[in-house]
Every structure is written in C-alpha cells, then in structure tokens.
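Architecture at a glance
What follows is each chain in one-letter form.
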Amino acid sequence: MLTNKTTNFRHCLKLTTATGLLAMVALPAQAEQWRGWNIHPPSYPNSVALESFAEEVAEKTEGRVEPKVYHNAVLGDQPDAIEQTRNGALDFANFNMGPMGPIVPATNILSLPFIFSSPDNMYRIMDGEIGERFADALAEKNLIALSWFGSGARSLYNTDHPVTSPEDVDGLKVRVMNNDLYVQMIDELGGNATPMAYSEVYQSLKTGVIDGAENNYPSYESSGHYEVAQYYSLTEHLILPECLCVAKSTWTELSEEDQGIVREAAENAAQEQRKLWEEQAQSSRELALESGVEINEVDDKAAFQDKMQPIYDAFIQENPDLESLVSDIQNAQK
C-alpha cells in the first residue's frame, strides 16, 4: 500500500515533467546570431547586397539564423577579418581576393594582371567549374565561398597625362595595394610602384608625393581622387572577384535545409551586387566627366599585356602546381 508521502512525490514528479514538456513546446528555438564583416560604408553596392542577404536568410530560416552586417570595417581590417572568419569568431564576410593570397595561394592567380579580359568573363568563369576550384581552395582554409561579387575593372589614373601605351607609365610614381604582383606590374611598365595606405593617397596625389594610382570608377570618385588626378586611362589591368564567404565551423552547424537557404540567398545577393555595381560605376564615371576628368580608352592593351609576361613566367616557376589553373582561365576566354 502506497503512503501519502509516496503519492505526493509521484504527483509532484508528473507535474514537473508536464511543465518541462510544455516549456519545450511553448518556447521557440533560440535564433543563431551571425556576425558579418564588411569593409564598405552602408550605401555601397556590396553593403546593400549583404543587407539583402541577411534579410533573406532571417526570413527564410524563420528566424533560426539572424545575420547582422557590420560595415566600415568596424570589426577589424581585412587580414584580421579573414583570420577571425577562419577560426569562427566571425560568421560571414565579403572579402576581396587581392589580400587573400598569403592565406590561399591559389587566389594569387586572380591578381595576375590581365588574367581576365572583362568583368563579364570574370563572372562567367567564377560562376562555373573554375570558380568551384577556387572555392575548394578556400574551403581548405576554413572559408566557404557561396557566391562571387564584382569590383569592376581597375585602371590607371594620374596627375600629368593620358596613358595610351606602356611608355606613358615610364617614370610615374604609382600607388599600388600592398601585393608583390602589383609592384611588379608597375615596375614592368617602367613606373615606380609605391605601396601606400589607401587613406594617404588623396593627399599624396595633391602634394606630388605620387603621380598616380589605380582603381575602379566608384573608388576613384568616392575617394575624391578625381579632384586631384584628372587623367583616367582605361587599362583595365585588374578585374578582381570578391567572395561572400561563411566560416566553415558556422556552415557545418547548419542543417542541410538551412545550408540551401543560405547558399541561395548568397547567390541572389551576388546578382544584386553586380547590378548595383554597374549602376554605381556609370554614375561615378559621369560625375568624373562632369568635373573635367579626361577619360581615354587604351586601344592597344596587347602592348601592356606583353609587358606582363615576365610576371607570369616568375609566378609559374614559383607555383608550378598552379600552371594548369592559369592556363584554364586563359583558354576559357579564347
């Protein structure tokens, strides 16, 4: 015969179990908060597309994943952000492939001058099997590349004269990003390559510390460089893709369903970014022209490309395992 004490214990146990079950049913699953890195200001095409990505993921996962984008590099510069994403401290980011080389050597191919003949060719190649090979190389370093953004074509501009042939670069002091391939590029053209922080370029152009720099239309305009370097020559020597990448540790925690949602949102964001980029590039070009900038086509790009052959030869000699990938990109554009 059960005692009153035992009966009361069992009754309390049932109530406790029932309450716990009700709590499990009633409470929604806690949302996964994602932190995303972005170097650009909020109005930039990449930033707008990243916000669309975050909204689509949050909506279609029904709040299971809630990405938040931190603009203006407030979470660190790109090298730091790459490391933070690789170790899972950041969940996603928009990275330019230029500074990725020290971590993922294969991506140095994308910084070879004139490796892509046009932005459209770059998109076509990076969206296909060759792009998957770069994504595989990134995955080995704990970065999952979900889609490819564009950053236009980088061209030369200076304070003195139009550039129509390699000889026009001779003797010019030209600011470049801190990458040996870019230094070699200007040196092969007879110029004096000057690696320099982007924030220092405007004043250096204005005071004559440097004669020129190289960048795309939106950066040339938004930085104000068009005010002090009014000769913009369409060499289009660098066409660098960017990735929308997710940390591998973050990616593997997702269900297969949510991985599909995130990948689709990233691909949609890439299409939006490319469209917005073209609109911004056209707007920046028109503003530069209205301010008196002289923009000139370069009819004989082959003359510039021929000057780059020593760079390609040295690159292949140092990276023989990457020769076939270089050849595949070139052959895909013939």
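Cut-offs used in this document
- Residue numbers run consecutively from 1 along every chain, following the written order of its sequence.
- For this predicted model, a pLDDT threshold of at least 70 governs which residues receive local features, and a threshold of 80 or more governs which side-chain atom pairs are given and counted, while totals over whole chains, interfaces and linings are taken from all residues.
- As a rule here, side-chain values come from all non-hydrogen atoms in the structure, and water together with hydrogens is ignored.
- Working definition: helices are DSSP H or I runs of at least four residues, strands are E runs of at least two. Numbering for both runs from the N terminus.
- When we talk radius of gyration, it's over C-alpha atoms, and the globule rule is simply 2.2 Å times the number of residues to the 0.38.
- Buried residues are those whose accessible area, probed at 1.4 Å on protein chains only, stays under 20% of the maximum for their type, while exposed residues exceed 50% and partly exposed ones sit between those limits.
- The contact criterion used is simple: two residues touch if any of their non-hydrogen atoms lie within 4.5 Å.
- In this description, accessible areas are obtained by the Shrake-Rupley approach with a 1.4 Å probe, and a residue is regarded as covered only by the protein chains that are shown.
- We count Lys and Arg on the positive side and Asp and Glu on the negative side, and we leave His and both chain ends out.
- Charge positions are represented by NZ for Lys, CZ for Arg, CG for Asp and CD for Glu.
- Two strands are counted as paired when DSSP detects at least two bridges linking them.
- The axes are straight lines fitted to the C-alpha atoms, using for helices just the contacting stretch, and the angles between their N-to-C directions are given from 0 to 180°.
- Take a side-chain nitrogen of Lys or Arg and a carboxyl oxygen of Asp or Glu: if they are within 4 Å of each other, that pair is a salt bridge.
- Orientation is classified from the angle alone, with under 35 degrees giving roughly parallel, over 145 giving roughly antiparallel, 65 to 115 giving roughly perpendicular, and any other angle giving oblique.
- Just so you know the grouping, Ala, Val, Leu, Ile, Met, Phe, Trp, Tyr, Cys and Pro go in nonpolar, Asp, Glu, Lys and Arg go in charged, and all remaining residues, Gly too, go in polar.
- Definition of a polar contact: a pair of N or O atoms within 3.5 Å, with one able to donate and the other able to accept a hydrogen when the atoms are protein atoms, and with sequence-neighbouring residues admitted only if both atoms are side-chain atoms.
- Only buried residues count toward a nonpolar core, which is a set of Ala, Val, Leu, Ile, Met, Phe, Trp, Tyr and Cys residues joined through side-chain atoms within 4.5 Å.
- The residues that make up patches have over 30% relative accessible area and no salt bridge, and they are joined within 9 Å when like-charged or within 5 Å when they are Val, Leu, Ile, Met, Phe, Trp or Tyr.

From N to C terminus, the protein chain includes 13 helices and 11 strands. What you see for the protein chain is a C-alpha radius of gyration of 25 Å, clearly larger than the 20 Å of a compact globule of 334 residues, by over 25%. Seen through its C-alpha atoms, the protein chain measures out along the principal axes to roughly 105 × 45 × 30 Å. In the protein chain, buried positions account for 49% of the 334 residues. Within the protein chain, counting contacts between residues at least 6 apart in sequence, those at least 24 apart form 75% of the total. If you sum the accessible surface of the protein chain, you get close to 16,200 Å²; carbon and sulfur atoms cover 49% of it. Across the protein chain, 23 positive and 52 negative side-chain charges occur, with their mean positions spaced 10 Å apart.

In terms of burial, strand 10 (residues 242-247) is a largely internal element, 6 of the 6 residues being buried. Side-chain alternation along strand 10 places Glu242, Leu244 and Val246 on one buried face and Cys243, Cys245 and Ala247 on a second face that is also buried. Two elements, strand 3 (residues 92-96) and strand 10, share 5 bridges in a ladder whose sense is antiparallel. In the strand pairing of strand 10, Asn96 is matched with Glu242. As defined by bridge partners, strand 4 (residues 143-149) adjoins strand 10 across 6 bridges and the pair is classed as antiparallel.

This part takes up the sheet that holds strand 1 (residues 32-37). Strand order in the open sheet formed by 5 strands is 2-1-3-10-4, with mixed pairing between adjacent strands. Pairing within the sheet leaves two strands with one partner each, and these edge strands are strand 2 (65-70) and strand 4. Direction aside, the axes of adjacent strands within the sheet are offset by 25 degrees on average. Strands strand 1, strand 4 and strand 10 of the sheet are contacted by helix 10 (residues 256-290), whose axis makes an angle of about 30 degrees with strand 4.

In the structure shown here, the tally under the stated rule is 11 salt bridges. Between Arg64 and Glu62 there is a salt bridge, with the nearest N and O atoms lying 3.9 Å from each other. Given the relative accessible area of 68%, Glu62 is considered exposed. For the salt bridge of Glu214 with Arg154, the shortest nitrogen-to-oxygen distance reads 2.9 Å. With a gap of 60 residues between them, Glu214 in strand 8 (residues 212-215) and Arg154 in strand 5 (residues 154-158) connect regions that are remote in the sequence. Of the two residues, Glu214 and Arg154, both sit in the buried class.

So, on to helix 4 (residues 119-126). Residues of helix 4 that are buried include every one of Asn121, Met122, Tyr123, Ile125 and Met126, and no others. Tucked inside the fold, the buried residues of helix 4 contact helix 5 (129-139), strand 4, helix 10 and helix 13 (323-331).

Packed helix pairs are characterised by how far apart their axes lie and by the angle those axes make with each other. With their axes 9 Å apart at the nearest point, helix 12 (residues 309-318) and helix 13 run at an angle of 140 degrees to one another. The orientation of helix 12 relative to helix 13 falls into the category oblique. Of the residues in helix 13, those in contact with Tyr312, Phe315 and Ile316 of helix 12 are Glu323, Val326 and Gln330. Looking at side-chain class alone, the contact of helix 12 with helix 13 contains 4 nonpolar, 1 polar and 1 charged residues.

Attention shifts here to the side chain of Asn46. Counting through the fold element by element, Asn46 comes out in helix 2 (residues 45-60). At 3.0 Å, the side chain of Asn46 and the side chain of Gln273 are in polar contact. If we ignore the near neighbours within four places in the chain, the residues touching Asn46 are His40, Asn94, Phe149, Gly150, Glu242, Gln273 and Trp277.

Turning our eyes to something else, we now look at unusual backbone geometry. Notably, Asn72 is not glycine yet its phi reads approximately 60 degrees, a positive angle. One can find Asn72 in the loop between strand 2 and helix 3 (78-86). The phi angle at Phe114 is positive, at roughly 65 degrees, despite the residue not being glycine. Inspection of the secondary structure assignment puts Phe114 in the loop between strand 3 and helix 4.

If you look at soluble globular proteins, the nonpolar side chains tend to sit buried side by side. Formed by 60 residues in total, the largest nonpolar core has its most connected members in Phe95, Ile109, Leu112, Phe116, Phe134 and Trp148. Leave out the neighbours within four places in its chain, and Trp148 touches Met97, Met126, Asp127, Gly131, Phe134, Ala135, Leu138, Pro241, Glu242, Cys243, Ala270 and Arg274. Ranked by size, the runner-up nonpolar core spans 22 residues in total, among them Ile144, Trp251, Ala266 and Ala270.

Turning our attention to the side chain of Asn96. Examined against the element boundaries, Asn96 turns out to sit in strand 3. On the accessibility criterion, Asn96 (15% relative accessible area) is buried. Only 2.6 Å separates the side chain of Asn96 from the backbone nitrogen of Gly98, close enough to count as a polar contact. Sequence-distant contacts of Asn96, defined by excluding residues within four places in its chain, comprise Gln78, Ser151, Leu240, Pro241 and Glu242.

On the surface, Glu297, Asp299, Asp300 and Asp306 cluster together into a patch of negative charge. Judged by relative accessible area, Asp306 falls into the exposed class, the value being 58%.

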